[in-house]
Amino acid sequence: MPRLPMDEVLIAGEWRRGRGTPIETVDPATGQVLTTVHAASAEDVDEAARAGAHAAADPAWRDLPAHLRARVLHRIADLIERDADELSALQTADTGKSRTETRALVHSAAGTFRYTAAALETAEDVLTPARGPYVTMSVHEPIGVIGAITPWNSPIASDAQKLAPALAAGNAVLLKPAEWTPLMALALGRIITEAGLPAGLLSVLPGLGSVIGDAIVRHPAVGKVTFTGGTNTGRTIAYAAADKVMPVSLELGGKSPTVVFEDANLEQALAGVMFGIFSSSGQSCIAGSRLFVARSRYEEFVGELVARTAKLRLGPGTDPATQVAPMVHHRHRDSVAGYVDLAREEGARVLCGGAVPDGEEYRDGAYYLPTVLDGLPNTARVCQEEIFGPVLVALPFDDEDDLVAQANDSVYGLACGLWTRDHRTAWRVARRIDAGTVWINTYKQFSISTPFGGTKDSGIGREKGRDGIRAYQRQKSLYWATDNAPLPWALG
Ligand code: NAD
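Residues numbered from 1 in each chain as written. Predicted model: local features only at pLDDT ≥ 70, side-chain atom pairs only at ≥ 80, totals over all residues. Heavy atoms only, no water.

Examining the site of the ligand
Here's step 1: Taken together, 27 residues sit near the ligand, with Lys176, Glu179, Thr233, Leu252 and Glu386 positioned nearest.
Here's step 2: Within the backbone of Thr150, an N or O atom sits 2.8 Å from an oxygen atom of the ligand.
Here's step 3: Contacts to the ligand include Gly230, whose backbone N or O atom sits 2.8 Å from an oxygen atom.
Here's step 4: Protein chains shield 85% of the accessible area of the ligand, which is 860 Å² for the free molecule.
Here's step 5: Listed by contribution, the elements that provide at least two residues to the shell around the ligand are helix 8 (209-218), strand 10 (222-228) and helix 9 (231-244).
Here's step 6: Looking at the shell around the ligand element by element, the count peaks at 4 residues for helix 8.
Here's step 7: Split into classes, the residues belonging to the shell around the ligand amount to 12 nonpolar, 10 polar and 5 charged.
Here's step 8: Both of domain 1 (9-252 + 458-477) and domain 2 (257-440) provide at least three residues apiece to the shell around the ligand. (Near = heavy atom within 4 Å. Polar contact = N/O pair within 3.5 Å; in protein donor to acceptor, adjacent residues only side chain to side chain. Areas by Shrake-Rupley, 256 points an atom, 1.4 Å probe, with all protein chains shown as cover. Helix = DSSP H or I, 4+ residues; strand = E, 2+ residues; numbered from the N terminus. Nonpolar A, V, L, I, M, F, W, Y, C, P; charged D, E, K, R; others polar. Domains from an automatic or database assignment.)

Considering the packing of aromatic side chains
Here's step 1: For the structure on display, the rule yields 8 aromatic pairs.
Here's step 2: On the basis of an interplanar angle of 65° and a centroid distance of 5.2 Å, the ring pair of Tyr134 and Tyr479 is categorised as edge-to-face. Placement of the pair is Tyr134 in strand 6 (residues 134-142) and Tyr479 in strand 22 (residues 473-481), with a sequence separation of 345 residues.
Here's step 3: Tyr134 sits in the partly exposed class, given a relative accessible area of 26%. (Phe/Tyr/Trp six-rings, centres within 6.5 Å; stacked < 30°, edge-to-face > 60°. Buried < 20%, exposed > 50% of the residue type's maximum accessible area, 1.4 Å probe, protein only.)

Structural notes on the pattern of salt bridges
Here's step 1: In the structure shown here, the tally under the stated rule is 35 salt bridges.
Here's step 2: Of the charged contacts, one joins Arg349 and Asp374 as a salt bridge, the two residues approaching to 2.8 Å between their closest N and O atoms. With a gap of 25 residues between them, Arg349 in strand 14 (residues 349-352) and Asp374 in strand 15 (residues 371-374) connect regions that are remote in the sequence.
Here's step 3: On the accessibility criterion, Arg349 (45% relative accessible area) is partly exposed.
Here's step 4: Residue classification places Asp374 among the buried positions, given a relative accessible area of 3%.
Here's step 5: In this structure, Asp364 engages Arg363 in a salt bridge whose closest nitrogen and oxygen atoms are separated by 3.3 Å.
Here's step 6: Assessed through its relative accessible area of 55%, Arg363 is described here as exposed.
Here's step 7: Through salt bridges with shared partners, a single ionic network connects Glu14, Arg16, Arg19, Asp44 and Glu47. (Salt bridge = Lys/Arg side-chain N within 4 Å of Asp/Glu carboxyl O.)

Some thoughts on the sheet that holds strand 5 (residues 126-128)
Here's step 1: Judged by pairing direction, the sheet is antiparallel, and its 3 strands sit side by side in the order 5-6-22 without closing on themselves. The open sheet terminates on both sides in strands that have one partner only, identified here as strand 5 and strand 22. Shown here is a sheet whose adjacent strand axes are inclined to one another by a mean of 30°, direction ignored.
Here's step 2: Pairing of strand 5 with strand 6 involves 3 bridges; the strand directions are antiparallel. Residue pairing in the sheet places Val126 in a bridge with Ser138 of strand 6. (Pairing = 2+ DSSP bridges. Axes fitted to C-alpha atoms, helices over the stretch in contact; angles between N-to-C directions.)

Overview of unusual backbone geometry
Here's step 1: A positive phi angle, near 55°, is found at Ser280, a position not held by glycine.
Here's step 2: Relative to the helices and strands, Ser280 is located in the loop between helix 10 (266-278) and strand 13 (290-294).
Here's step 3: By relative accessible area, Ser280 is classed as buried at 9%.
Here's step 4: In this structure, Phe388 is a non-glycine residue whose phi angle is positive, near 65°.
Here's step 5: Here Phe388 falls in the buried class, since its relative accessible area comes to 16%.

Looking at the packing of helix 3 (residues 66-82) against helix 5 (residues 99-122)
Here's step 1: Contact pair helix 3 / helix 5: the axes reach a minimum separation of 8 Å and the direction vectors enclose 170°. In terms of orientation, helix 3 and helix 5 fall into the roughly antiparallel class. In contact with Ala66, His67, Arg69, Ala70, Leu73, His74, Ile76, Ala77, Asp78, Ile80 and Glu81 of helix 3, helix 5 contributes Val106, His107, Ala109, Ala110, Phe113, Arg114, Thr116, Ala117, Leu120 and Glu121. (Parallel < 35°, antiparallel > 145°, perpendicular 65-115°, else oblique. Contact = heavy atoms within 4.5 Å.)

Observations concerning the domain arrangement of the chain
Here's step 1: In terms of domain boundaries, the chain breaks down into domain 1 (9-252 + 458-477) and domain 2 (257-440).
Here's step 2: Relative to domain 2, the C-alpha centre of domain 1 lies at a distance of 31 Å.
Here's step 3: The interface of domain 1 with domain 2 comprises 19 residues on the first partner and 23 residues on the second.
Here's step 4: Together domain 1 and domain 2 conceal approximately 1,700 Å² of surface at their shared face, both sides included; 59% is due to carbon and sulfur atoms.
Here's step 5: Three residues, Trp152, Trp180 and Ser458, lead the burial of domain 1 against domain 2; their summed loss comes to 33% of the area buried on that side.
Here's step 6: Across the contact surface, domain 1 and domain 2 share 7 residue pairs in polar contact (both at pLDDT 80 or more).
Here's step 7: Looking at the side of domain 1 that touches domain 2, the elements with two or more residues in it are helix 4 (84-95) and helix 5. (Buried area = accessible area lost by both parts, 1.4 Å probe.)

Brief notes about the sheet that holds strand 19 (residues 437-440)
Here's step 1: The mixed open sheet is built from 7 strands, whose spatial order is 14-15-16-13-12-18-19. Where the open sheet ends on each side, the last strands, each with one partner, are strand 14 and strand 19. For this sheet, the mean inter-axis angle between neighbouring strands, taken without regard to orientation, is 25°.
Here's step 2: Pairing geometry for strand 13 and strand 16 (residues 391-397), over 5 bridges, is parallel. Bridging across to strand 16, Val293 finds its partner in Pro396.

Concerning the nonpolar core
A general tendency of soluble globular proteins is for nonpolar side chains to be buried together.
Here's step 1: Judged by nonpolar contacts, the single largest core of 83 residues is most densely connected at Ile76, Ile80, Phe113, Leu202, Leu205 and Val225.
Here's step 2: If we skip the residues at most four places from it in the chain, Leu205 touches Leu10, Ile11, Ala40, Val45, Ala48, Leu174, Leu175, Lys176, Pro177, Ile212 and Ile216. (Core = buried A, V, L, I, M, F, W, Y, C linked by side-chain atoms within 4.5 Å.)

Okay, structure coming up:
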């Protein structure tokens, strides 16, 4: 087991046991309890929020020149890289994900802090064109205390995506990780403390979403909430934020279409479609969970896809040969299995998978076989609802208009993948699809320098990119008079 201390939480700069209901975190590959975290209580949230407000108002951080604040972010990146191996092992134990994936997530978290440091050092306020006898400018200031609430599927990467720009912008942050996976946020909290962030600017508060998450959202000192998670939770948070007239950014669910046109490079498309849905065991907001194939290639493509899917290697995240690791939790695996049962009842053909794997080695883990379904219309529940597991639904399409209509017939609008050799088709369809991100002849590639976010029920706001820091600031306009004459209205 990794050696990071894991049972205490960070409240207002101090590591101690929280006063909330303890939460057990389980290794989904074995079903064994990893540790019991003494989670935060609503009183802890209050203490952390007040301390955060105090620390954020202190000029020691608020007014520190950007290049000096950036140094702290670089130190955090250095320490993440120093501990990368240990962090990746911890994340594999907590989430079940393969070591290949958790290593990539850890390094992406370090990259996020470095990129944000560079963006911070080079961010500029602007002089606006003056329309009178004054100089006008627009400057950016911190909001104060940010509530950052994250899901269980990609801890450390999603935590870093919120912490780096929120801290860079000059704020304090209350970070609330998911119940099932509290350990990476705590480990990151240790690293950030060691990197020398002034005490009180960061609290890490694991606990129940409906108690701790809710207390963060409603706390009067919290000036913005940045949330990644399910659409229903996002909606609840948005209602509470509306009461406070508080800005929120919401990165929510998806049901993303991947499209194989008649002229696609089939090898490339097969590899991309399989990676898009079965990597991370489908537990990815941008999983390509609806596959549309041109009717003329449908039987050929889906036949080959099913043959290859059936050969994917299942196993624990610690085995370098594993392609499909366990799901995050047995309860989540059961929910995924329930969707496949529902599809059967609705008349689906189960082309492969559709069950918990047989075998002693899979007995204790939260495994589920990669599954391909077809024979259902796009209106079926498994085509409309986010399953968040290794389940792909295949559908044929007739022409471009039919494809666009079916692909956009979803409450979600997070991502889309297009597989075609024709750049004109790619351009036209990419612009017609309702999605925050469209990948063309590739899928599930990420870059901290490129904004990310959803449309429709997939969310509000964008993370990443040079402007990522701006999401955690308020804009203020300044007018400086350039002459000494009194305003004419007041003259007699
Ligand atoms: P979830 O909505 O159940 O929980 C997310 C977080 O919200 C957790 O920390 C949880 O404790 C907290 N929470 C729950 N109820 C709350 C409340 N009433 N007030 C405040 N906080 C509350 O989501 P999950 O099951 O942890 O994660 C899976 C979901 O996340 C999927 O829908 C997935 O698509 C989505 N997701 C989206 C993105 C994206 O960038 N768009 C990325 C990853 C995951």
